[in-house]
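Residue-level listing of the chains:
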Amino acid sequence: MVEPTGNILQVRNLSVEFKARKRVIKALRDVSLDVPTGKIVGVVGESGCGKSTLILAIMRLLAPNAAITGGEVHFGGRDLLKVPEADMQSLRGTDISMIFQDPLTSLNPVVSIGRQLIDVQYRDRSSLDSKRQRAIQALSQVGIPDPAARMDAYPHEFSGGMRQRIAIAMTIIEEPRLLIADEPTTALDATLEVQIIHELKELQRRYQCSILFVSHHLGVVADLCDYVIVMYAGEVVEQGSVRDLFHDVRHPYTEKLMECDPARIVRSTERSFPTIPGDLPDLVDLPSGCIFGARCHRALQQCAAEAPDTRTVAPGHAVACHLY
Amino acid sequence: MPGLLEVDGLRVRYRVLSPLRARLQQREAYLQAVCGVSFSISAGESFALVGESGSGKSTLARAIVGIETAHAGSIRFDGQELCGLSKNAYKPYRRQLSMMFQDPAGSLSPRLTVKRLVTEPFKIHAIKDVDLDVEARRLLQMVGLSEEFLGRYPHQLSGGQARRVGVARALALSPRLLIADEPTAGLDVSVQGEVLNLLLELQARHGIAILIITHNLKVVLHFADRMGIMYLGRFVEQGPASEMFQRPRHPYTRALLSSSPEPDPDAVRPPLQLKGEVSSNIERPRGCEFHPRCPVAQAHCSTVAPPATSTVQGHSFTCHFPIESDD
């Protein structure tokens, strides 16, 4: 099916709040983003910026104390926030799949991987034998050597990189249209990280699926993604194509974030590492004005008084900052 | 000049099977976590240990502070042999060698306040002639935390603040060598710099030698004077950090250097150099232990272990076919 807008996923003005005792944490505020069909979109930001809340809200897997207070999530012509829970359940794992950060906790330790790969096809009415064949095929696609023989092995018999490959095999078995990956390489070594990224690229090319890729590793995002969304303290501060973001940075936060990446530092003689001074703002009692204002090195007078609107600075490149 | 810390032929092993069962099943009874490592650190120098998980970095560090027992080799600190010392005889040296653990929140007791945490070393070493209040304030000031943190508990600290408390604890007794095990793991990039700057500043001011364990090579370039690359419990290459970045000689070092993608969408990506993962250190590969993953391995590599080659600059590597240097 061709999406009328060319976007498989459209998030509009999404806001999420968490209730904690008597306080209300405004974790996401007015988040809008698009995932174009067949593209990879990266979500970048530091801890506490709302990346995980965003994907859990899209999947409708938020904790019971969370409330979606506004917005829409359009997927395949439907608002996911309005579909009945039963329909949502049948979307998860078939149309939208998710790869988690730590494969050791997302695989069941007491069930063989073959059994788990067959179990995820529970909606299919095909024979056990054909499900088994599909499981073996999925394993060989993610680069598990001798997949038929490894079907009876348990997760602990695999190394970290192999486990993450199995977790990826599990998500692609139903050929989803949208894959959500939550920091899939943070638990892995650098040499494995490149292998997994390479694998994801291959899979995306083969299945033409769209990927929403959450990461804090800028190098990986630059390598893998077509579009990038930068989040800070629950808001989208900048978004655009990967070249816009890496070659034409606009928002002071994105600028600082990139400076801090150790890979960007040019050898300096005084041996000092860049940082962003200050702390995240309080999400219970939000500051008036720009959310990044207190830590911003280019703040203007109006930044403390009024929150900036999101402005388009170039086609497809939007920034929420008073400087533009 | 003799080094402050001199490690020679150090081996640490863990028993994975009982000797009888190992014999019956014809398998190795021991896992050789550290397998003959030699290096030295001079006073005030920073040395980086780099390697993938399971390469034995943390075990090596734990052996140096005496948490693991070495089964062969020697560790000399300031000329004194530490291997084989009894627990009591070790204690005075532990004041001079301190360790900052990988997981800051996990290594701080959740039931102690920051003040108790940073002054705990004085109690452990029964140092009575100090005013703990004064010391706690001095230490917090040293790591850049205000006095209001004295009464806080670990759960009230952010990741970066918990690291700072970890640094304060490690520095409480003015050690001469600080071992920092992955000091930036799990921290956001904007905070990583803070912790590394703090370590660099303390080193410059107090002349502490630092052994940093990390897997982020870019951090090493800006932090360390020298570095050693570990693979399966051995050093495959060691030498001055800047020299190794410009002219890596071991194929593994080169692969590690190119495995971190550049934060630039138009960068030319080198082809994948390493396939697979670190081999098992129980059933070790024959010959050169890196040969199953090596992009330039030849038949010779799978049978004969390569000798170590050293250059005049103190750069040494273990490879049959090292990458040619330009000069």
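Given the structure is predicted, the values throughout are model-derived calculations rather than measurements. Counting from 1, residues in each chain are numbered in the order their sequence is written. Think of it this way: whatever chain is written first is A, whatever ligand is written first is 1, and the rest follow in order. Only residues with pLDDT of 70 or above have their local features reported here, since the model is predicted, and side-chain atom pairs are shown and tallied only from 80 upward, although totals for entire chains, interfaces and linings are computed over all residues. By convention in this description, side-chain values take in all heavy atoms of the structure and omit both hydrogens and water.

(A) A look at the domain arrangement of chain A. Residue and element names in this part refer to chain A. Domain delimitation follows an automatic or database domain assignment. In terms of domains, chain A is made up of domain 1 (7-95 + 178-320) and domain 2 (105-175). The straight-line distance from the C-alpha centre of domain 1 to that of domain 2 is 30 Å. Throughout, a residue-residue contact means that at least one pair of heavy atoms, one from each residue, lies within 4.5 Å. Facing 16 residues of domain 1, the contacting portion of domain 2 comprises 13 residues. Buried area adds together the accessible area that both of two parts lose upon being put together, with accessible area traced by a 1.4 Å probe. Carbon and sulfur atoms supply 58% of the area buried between domain 1 and domain 2, which totals about 1,300 Å² over both sides. On the domain 1 side of the contact with domain 2, Thr94, Glu199 and Tyr207 bury the most area, a combined 36% of that side's loss. Across the pair Arg165 and Glu199 runs a salt bridge, and its minimum N-O distance is 2.6 Å. Two N or O atoms form a polar contact when they lie within 3.5 Å of each other; inside protein one atom must be a possible hydrogen donor and the other a possible acceptor, and for residues adjacent in sequence the pair counts only when both atoms belong to side chains. Here domain 1 and domain 2 share six residue pairs in polar contact (both at pLDDT 80 or more) between them. Secondary structure elements are defined from DSSP: runs of H or I of at least 4 residues count as helices, runs of E of at least 2 residues count as strands, and each element is numbered from the N terminus. Elements represented by at least two residues in the side of domain 1 that touches domain 2 include exactly helix 2 (85-91) and helix 8 (190-207). Here the element with the most residues in the side of domain 1 that touches domain 2 is helix 8; it accounts for eight residues. Residues that form the side of domain 1 that touches domain 2 fall into these classes: eight nonpolar, five polar and three charged. Salt bridge criterion: a side-chain nitrogen from Lys or Arg within 4 Å of a carboxyl oxygen from Asp or Glu. Residue type decides the class: Asp, Glu, Lys and Arg count as charged, Ala, Val, Leu, Ile, Met, Phe, Trp, Tyr, Cys and Pro as nonpolar, and the leftover types, Gly among them, as polar.

(B) Broad picture of the sheet that holds strand 4 (residues 72-77) of chain B. Residues and elements named next belong to chain B. The sheet built from four strands is open, its strands ordered 2-1-4-5 with antiparallel pairing. Whereas interior strands pair on both sides, the edge strands pair on one side only; in this sheet they are strand 2 (30-41) and strand 5 (80-81). All axes here are fitted lines through C-alpha atoms, helices being fitted over the stretch that makes contact, and every angle between N-to-C directions spans 0 to 180 degrees. Strands in contact with helix 2 (residues 57-64) are strand 1 (5-15), strand 2 and strand 4; relative to strand 1, the strand with the most contacts, it is inclined by about 115°. For two strands to be treated as a pair, DSSP must find at least two bridges joining them.

(C) Just the side chain of Ser74(B), in detail. Residue and element names in this part refer to chain B. Secondary-structure assignment places Ser74 in strand 4. Note on classification: 1.4 Å probe, protein chains only; a residue is buried when its accessible area is under 20% of the maximum for its type, exposed when over 50%, partly exposed between these limits. According to the relative accessible area criterion, Ser74 is buried, its value standing at 16%. Among the polar contacts listed, one links the side chain of Ser74 to the side chain of Glu81, at a separation of 3.5 Å. With sequence-adjacent residues up to four places away left out, Ser74 is seen in contact with Glu6, Val7, Asp8, Glu81 and Cys83.

(D) Seen up close, the pattern of salt bridges. For the coordinates displayed, the defined rule picks out 32 salt bridges over all chains. The closest approach of N and O atoms between Glu289(B) and Arg234(B), which form a salt bridge, is 3.0 Å. Of this pair, Glu289(B) sits in the loop between helix 11 (251-258) and strand 11 (308-310) while Arg234(B) sits in strand 10 (residues 234-240); the two residues are 55 residues apart in sequence, bridging distant segments of the chain. Taken together, the salt bridges that share partners define one network made up of Arg60(A), Glu85(A) and Arg92(A).

(E) Highlighting the packing of aromatic side chains. Each Phe, Tyr or Trp ring (for Trp, its six-membered ring) is paired with any other whose centre lies within 6.5 Å, and the angle between the two planes then decides the class: stacked below 30 degrees, edge-to-face above 60, tilted in between. Applying the stated criterion across every chain, the model contains nine aromatic pairs over all chains. For the pair Tyr231(B) and Phe290(B), a centre-to-centre distance of 5.1 Å together with 85° between the ring planes defines the contact as edge-to-face. Placement of the pair is Tyr231(B) in strand 9 (residues 226-231) and Phe290(B) in the loop between helix 11 and strand 11, with a sequence separation of 59 residues. The rings of Tyr232(A), Tyr253(A) and Phe292(A) are connected pair by pair, giving a single aromatic cluster. The rule for a charge over a ring is simple: NZ of Lys or CZ of Arg within 6 Å of the ring centre, and within 35 degrees of the ring normal. Over the ring of Tyr30(B) we find Arg13(B); its NZ or CZ atom is 3.7 Å from the centre of that ring.

(F) Local environment of the nonpolar core. Among the nonpolar cores identified, the biggest contains 61 residues, and Phe223(B) and Met227(B) are the most heavily contacted of them. If you tally residues by element for this core, the top one is helix 7 (residues 159-171) of chain B, at six residues. Here, nonpolar core means buried Ala, Val, Leu, Ile, Met, Phe, Trp, Tyr and Cys residues that are tied together by side-chain atoms lying within 4.5 Å of each other. Judged by nonpolar contacts, the second largest core, of 60 residues, contains Val44(A), Leu117(A), Met170(A) and Cys209(A).

(G) Region of interest: the sheet that holds strand 9 (residues 227-232) of chain A. All names here are of chain A. Reading across from one edge, 6-7-8-3-9-10-12-11 is the order of the eight strands in this open sheet, with mixed pairing throughout. Sheet topology places strand 6 (96-99) and strand 11 (310-314) at the edges, where each strand pairs with a single neighbour. The average angle at which neighbouring strand axes cross in this sheet is 20°, direction not considered. When strand 3 (residues 40-44) meets strand 9, the two strands line up parallel, connected through four bridges. The residue bridging Val43 from the neighbouring strand is Ile229, located in strand 9.

(H) Molecular detail of the confidence of the model for chain A. Each residue gets a pLDDT score, which is the predictor's confidence in that residue and runs from 0 to 100. Looking at chain A as a whole, the pLDDT averages 89, with 96% of positions reaching at least 70. When pLDDT is averaged over each element of chain A, strand 9 of chain A comes out on top at 96 and helix 3 (residues 103-106) of chain A at the bottom at 81.

(I) Up close: the packing of helix 7 of chain B against helix 8 (residues 189-206) of chain B. All names here are of chain B. Close contact between helix 7 and helix 8 brings their axes to 10 Å; oriented N to C, the two are set at 20°. As far as their axial angle goes, helix 8 and helix 7 are roughly parallel. For the pair helix 7 and helix 8, the crossing hand works out as right-handed. Residues Gly160, Arg163, Arg164, Val167 and Leu171 of helix 7 form the contact with helix 8, whose own contacting residues are Val191, Glu194, Val195, Leu198, Leu199 and Leu202. Taken together, the residues of the contact of helix 7 with helix 8 break down into seven nonpolar, one polar and three charged. Working definition: roughly parallel below 35 degrees, roughly antiparallel above 145 degrees, roughly perpendicular at 65 to 115 degrees, and oblique for all remaining angles. Each crossing gets its handedness from the near helix: less than a right angle anticlockwise from the far helix is left-handed, clockwise is right-handed.

(J) Quick look at the pairing of strand 8 (residues 210-215) of chain A. Residue and element names in this part refer to chain A. Among the six residues that make up strand 8, six are buried, leaving the element largely enclosed by the rest of the structure. Residue alternation in strand 8 divides its side chains into two sets, Ser210, Leu212 and Val214 and Ile211, Phe213 and Ser215, and both sets are buried. Bridge count between strand 3 and strand 8: five bridges; the pairing is parallel. When the bridges of strand 8 are listed, Ile40 appears paired with Ile211. Pairing analysis gives five bridges linking strand 7 (residues 178-182) to strand 8, with the strands arranged parallel.

(K) Representation of helix 5 (residues 128-141) of chain A in the model. All names here are of chain A. Here, expected helix span is obtained from the residue count minus one, scaled by 1.5 Å. Taking 1.5 Å of rise per residue, the 14 residues of helix 5 would be expected to cover 20 Å, and the 20 Å separating its terminal C-alpha atoms lies within 8% of that figure. Of the residues making up helix 5, those classed as buried are Lys131, Ala135, Ile136, Ala138, Leu139 and Gln141. Contact partners of the buried residues in helix 5: helix 4 (113-119), helix 6 (147-150), helix 7 (160-172) and helix 8. A positive phi of about 85° marks Gly143, the residue just after helix 5.

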